[in-house]
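# Overview (structure and organization)
These are the residues of each chain, in order.
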Amino acid sequence: MPKERLYLFDTTLRDGAQTTGVDFSLEDKRVIVRTLDELGIDYIEGGYPGANATDTELFSTEQQLASATFTAFGMTKRAGRSLANDPGFQATLEAKAGAICLVAKAWDYHVRVALGVSNEENLEGVQQSVLAIRQSAGGREAMIDCEHFFDGYQSNRAYALAVARAAFTAGARWVVLCDTNGGTLPHEIAAIVAEVSKQVPGTHLGIHTHNDTENAVANALAAVRAGARQIQGALNGLGERCGNANLTSIIPTLLLKREFADAFEIGVTPERLRRLTQASRVLDEILNRAPNRHAPYVGEAAFATKAGIHASAILKEPATYEHVPPESVGNRRRVLVSDQAGKSNLIYELERLGIPLDKGDERISRLLEEVKSREALGYAYEAAEASFELLARRLLGEVPQFFKVDSFRVMVEKRHNALGRLVTVSEATVKVFVAGGEEPLWSVAEGNGPVHALDQALRKDLGRYQNSIKDVELVDYKVRILTGGTEAVTRVLVESRDKGTGERWFTIGVSSNIVDASFEALIDSITYKLLKAGAEGSLRQVLEA
Ligand SMILES: [Zn+2]
């Protein structure tokens, strides 16, 4: 049986951009558009031309896209004005876009209260706007986002349906049913979409859901089962309040779950699906957010197994504990190194890091002992893979000593500044020997806290290695106080990033002193970077001399 085509509409750059704290630059938007196009999304909504300078600029030139239709967002014509006399509508029409999506009120209560016009005027506005788009240069596709459709349907069914019908009969390619407040549940969505599809064919119906009851994805899938053939959503579920329907979860579900895969075809092919994890990371990178470790399909923990018995089973037969193969979405399996780790976990992790050791190698037992005794002290390597790799490679004698910190001092001072304001200043001094150098290097730096000052001082001057670490930056810093035995122990987790390559890594430090623990994690971070950069050098000569 031939498969039916299902269309994907991404609104990360429009609805997603309405999130607090999200402000995409023009270049950010272009990168995201390219990423979505490469993934195989059908419609990419770029923004709202005329509403702000960035979006106006974005829509002033033609986008060179492989397969996606670039889409502009706008509003239907204002009541009481002619089309020519509505500057907002004209700005939307001028957008260089293959499709235009207009928001229209579908709830009579909103028509009355928010627009202050009659129900009939609102219907006329929808029809005239759709016609204007279809008659504009290039014969563009018109879409109508029926705002508050589901709430409107519950309150005045006949009117909500009249708005949908008006858009369709005027020639809208898509009539999109929006659960704007996000409160509708899957069985309600299914029932209503089934009813609407009796008046507007499902091949012209879209679904736009929000995650306020954590059902946005379920609602979108329910709508598809009830007949809708366009799904709107955002990458990583970005969006105001609790977010939009998460395309990053919807796409693999459509491709990898039998019911949907057998019935539908989408623009994302199984090959392109392998870019999904990467696409999700690109957005996090732009937003400067740490990726959600527990995100379905693409999260770092999505295919992570910890317990010993599960781990040995998963190594024999991955399907025993995985609902889909991690590679299919560009993710990977992780068998966590933890205090429950058996030899098989360890061998698997080492293999993945490119350190093949034979089962019988006695170094495996030594590493396992080392990991266990460190975990007893408070280390947790499952969250700090870079520190784990350093530990393993050190045991194998593969980590040169690039530098050695001889001493450091941190000072925190609260005082009045020149303006008479009370400020807290942190200053750090680090004395370090660098491989190949005879004399110690001294660096002093200020920071907005003791750890930041230490970090700044440490990376201020590492002599011959300066070039290798110039793009490294501290992204995140987490402190956890572990209560054990007689005194509290501090565990610090540092996330670092290379601005050049985008690579991220985690390192760990443990001590009864928070500054010591932080410094250990910072040193691991820089050492890891130097190791990966293939930096050379050993301090041995310096120290022995
Ligand atoms: Zn929305």
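Note that the coordinates shown come from a computational prediction; the quantities given were computed from them, not determined experimentally.

### Let's talk about the confidence of the model for the protein chain
On average, residues of the protein chain carry a pLDDT of 91, and 95% of them reach 70 or more. Considering only residues more than four positions removed or in separate chains, one finds that residues 541-545, a stretch of pLDDT under 50, has six contacts.

### Quick look at the sheet that holds strand β13 (residues 403-416)
Reading across the sheet, the three strands line up as β13-β14-β15 and stay open at both edges, with antiparallel pairing between neighbours. Each end of this open sheet is capped by a strand with a single partner; those strands are β13 and β15 (441-447). Within this sheet the neighbouring strands show an average axis-to-axis angle of 15°, counted without direction. One ladder, built from 13 bridges, connects β13 with strand β14 (residues 422-434); its direction is antiparallel. Its bridge partner lying in β14, V405 is registered against V432.

### A word on the coordination of the zinc ion
Taken together, D15 (OD), H208 (NE2) and H210 (NE2) make up the full set of protein donors to the zinc ion, lying 1.9 to 2.2 Å away. Donor residues binding the zinc ion come from one chain and are separated in sequence as D-x192-H-x1-H.

### As for the nonpolar core
In this structure, L8, I144, F149, V175, I231, I251 and L254 are the most contacted members of the largest nonpolar core, which totals 87 residues. In terms of residue count, helix α7 (residues 157-169) provides more of this core than any other element does, eight residues in total. Those residues in contact with L254 that sit more than four places away from it in its chain are L6, L8, L221, I231, F260, A261 and I266. Formed by 33 residues, the second largest nonpolar core is a distinct cluster that contains L462, V492, V494 and L530.

### Looking at the packing of aromatic side chains
The final tally for this structure, using the stated rule, is 14 aromatic pairs. Here R5 stacks its cationic end above the ring of Y7, 4.6 Å away from the centre of that ring. Above the face of the F73 ring, R14 is positioned so that its terminal group lies 3.8 Å from the ring centre.

### Details of helix α9 (residues 216-225)
Across the 10 residues that make up α9, a large majority, seven, are buried. Among all positions of α9, only A216, N219, A220, L221, A222, A223 and V224 are buried. Immediately beyond the C-terminal end of α9, within one or two residues, lies G227, with a positive phi of roughly 130°.

Conventions used here
Residues numbered from 1 in each chain as written. Predicted model: local features only at pLDDT ≥ 70, side-chain atom pairs only at ≥ 80, totals over all residues. Heavy atoms only, no water. pLDDT = per-residue confidence, 0-100. Contact = heavy atoms within 4.5 Å. Pairing = 2+ DSSP bridges. Helix = DSSP H or I, 4+ residues; strand = E, 2+ residues; numbered from the N terminus. Axes fitted to C-alpha atoms, helices over the stretch in contact; angles between N-to-C directions. Donors = N, O, S within 2.8 Å, 3.2 Å for Na, K, Ca; no water. Core = buried A, V, L, I, M, F, W, Y, C linked by side-chain atoms within 4.5 Å. Buried < 20%, exposed > 50% of the residue type's maximum accessible area, 1.4 Å probe, protein only. Phe/Tyr/Trp six-rings, centres within 6.5 Å; stacked < 30°, edge-to-face > 60°. Lys NZ or Arg CZ within 6 Å of the ring centre and 35° of its normal.

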